[in-house]
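# Observations on chain architecture
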Amino acid sequence: MNAIVALCHFCELHGPRTLFCTEVLHAPLPQGAGNGDSPGQGEQAEEEEGGIQMSSRIRAHSPAEGASAESSSPGPKKSDMCEGCRSLAAGHPGYISHDKETSIKYVSHQHPNHPQLFSIVRQACVRSLSCEVCPGREGPIFFGDEQHGFVFSHTFFIKDSLARGFQRWYSIIAIMMDRIYLINSWPFLLGKIRGIIDELQGKALKVFETEQFGCPQRAQRMNTAFTPFLHQRNGNAARSLTSLTSDDNLWACLHTSFAWLLKACGSRLTEKLLEGAPTEDTLVQMEKLADLEEESESWDNSEAEEEEKGPVLPEGTGGRELTKCPTDSSSLSDCGNWQPRKLSVFKSLRHMRQVLGAPSFRMLAWHVLMGNQVIWKSRDADLVQSAFEVLRTMLPVGCVRIIPYSNQYEEAYRCNFLGLSPHVQIPSHVLASEFAVVVEAHSAPRSSLHPARCEDDQSLSKYEFVVTSGSPVAADRVGPTILNKMEAALTNQNLSVGVVDQCLVCLKEEWMNKVKVLFKFTKVDSRPKEDTQKLLSILGASEEDNVKLLKFWMTGLSKTYKSHLMSTVRSPTASEPRN
């Protein structure tokens, strides 16, 4: 992410000052950032974290070097800085992080070396600690413009027993030129920067409590309440942040945090070029995501209400507990019992067709496309899940309803993909129904184990698959057009798996467009049956299997598309008589 993260401080003597900033460099490092190590002094600290190599190079400066560096630096003069305005010691060139994956370097100084960047950071620092402040003077805010960049700023207080009001004012700012990207990163930046602030405030609070216990300042100030204000201010020495937190490695830790923040924020969002209108699958996925967010918010609100009403029920009392998977990298080390999930057994539709055989696969695919219930029985839940992940690619997203693994039979209206353990009894009417297909994975006898044809088949050589249905598909049946085209693509060995996947996407889009036309023709315009038959002939879908497929896929249309059509019907222009 092309951005700068900086820590700023409002000094009582010198006003807003930049204490520490981390920037991203795609070009060679600037002079003085990592060159010219003195003989005998190498990298003091070096560690790797998340693919980033951290290093800190410190060199001894001669007086001439210090003078030249001070004169060429765009930052404030040394005489204009106090202990509270200074972060790195004189002669410290800063910290450097090397990202091995992207060859990007993260460099931290007190001020940016480039004059234009220094001006941008300086202006953002002044605005974040003066005019651009949220109510209460502590919290996040967004401001900026196209010329000077856009800024995410979070102001906060640090306890100091020697400061006025026993606290000093700081801010952490993130500056970048891309306004949309910065706004989309608001929740991520807010959570991570809030964590850095909490850690700083926690360290400072411990130091503050220790100093107050040893020498309380409030009573001493009450005794000198009538001393002129200027004498108090001159006697109130500024203190560095390392002194306030009692952490000598504070700047190295901040560099690590800021570098990780820039890397993580840059990799969490990716841009996709979308040509044309969004597909039905995209719209359905967006609607499902919105439903999940609403459900999550309702659960959070209900849990908050329960906490206010009374204590949480202990285990075994019939209450249901929702657990969230930890996402922070620090919590992953606590999961000692974590085991990696096995790789999917079925890799693709072509692989499944090779394992099941052409006749059994055609029967299974026919039932999938028609919307009939697919029941898969096996002891291996990963096997069932991998089979459903492959089969679902044949259908639009809105037509897929999966129960991955259950210990009891579920009706067809609840799911069209159902995974069951071997001991579950399936009702007899379902076994005899023409609207269901059952796939059973039995352990193959040792005598009938066949050698694996490839690495993908090694985990399947121990299974025998039996596909049964109350209405098996006849071998000479034409079947839906899309099934025949799918099989032609699967049998063509000149096409790779990736090309076959793109063929399936194109076929689904082609038939979803036919579904849209049929939906508008029958549900919205309410045309007579004779006109519908003529339309089906024009679409090339007049056969019985094609009609059943279109009617089933009609259930997978997005709510957005349906509401759009119904709104056009209700509009005044749509009510005009047709010519």
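My aim in this report is to walk through the structure given alongside it, one point at a time.

What counts and how
Residues numbered from 1 in each chain as written. Predicted model: local features only at pLDDT ≥ 70, side-chain atom pairs only at ≥ 80, totals over all residues. Heavy atoms only, no water. Helix = DSSP H or I, 4+ residues; strand = E, 2+ residues; numbered from the N terminus. Buried < 20%, exposed > 50% of the residue type's maximum accessible area, 1.4 Å probe, protein only. Areas by Shrake-Rupley, 256 points an atom, 1.4 Å probe, with all protein chains shown as cover. Disulfide = S-S within 2.5 Å. Core = buried A, V, L, I, M, F, W, Y, C linked by side-chain atoms within 4.5 Å. Domains from an automatic or database assignment. Contact = heavy atoms within 4.5 Å. Pairing = 2+ DSSP bridges. Axes fitted to C-alpha atoms, helices over the stretch in contact; angles between N-to-C directions.

## What to know about the overall build of the protein
Across its full length, the protein holds 18 helices and 14 strands. Every one of the 579 residues in the protein was classed for burial, and the buried ones make up 41%. If you sum the accessible surface of the protein, you get close to 32800 Å²; carbon and sulfur atoms cover 54% of it.

## What about the state of the cysteines?
This structure, assessed with the given rule, holds zero disulfides. C8 takes part in no disulfide bond, and the closest cysteine sulfur to it belongs to C125, at a distance of 3.6 Å. Given a relative accessible area of 0%, C8 falls into the buried group. Look at C125 and you get buried, because its relative accessible area is 0%.

## Some remarks on the nonpolar core
Counting residues in hydrophobic clusters, the biggest one holds 60 residues, and the most contacted among them are M352, L364, L369, W376, L391, F465 and W553. With 10 residues, the top contributor of residues to this core is helix 15 (residues 497–524). The residues that make up this core include at least three from each of domain 2 (349–446 + 458–477) and domain 3 (497–569). Among residues more than four places away in sequence, those in contact with L369 are M394, L395, P480, I482, L483, M486, L549, F552 and W553. Membership of the second largest hydrophobic core comes to 39 residues, among which are M1, V5, F152 and A174.

## A look at the sheet that holds strand 11 (residues 402–406)
Strand order in the open sheet made by the five strands is 11-12-10-13-14, with mixed pairing throughout. The strands lining the two open edges of the sheet, one partner per strand, are strand 11 and strand 14 (463–469). Put simply, the sheet's adjacent strands are angled 15° from each other on average, direction ignored. Note that strand 10 (residues 373–377) and strand 12 (residues 417–420) share four bridges and pair parallel. Bridging across to strand 12, K377 finds its partner in L420. Here helix 11 (residues 358–370) sits on the sheet in contact with strand 10, strand 12, strand 13 (436–443) and strand 14, set at roughly 140° to strand 13.

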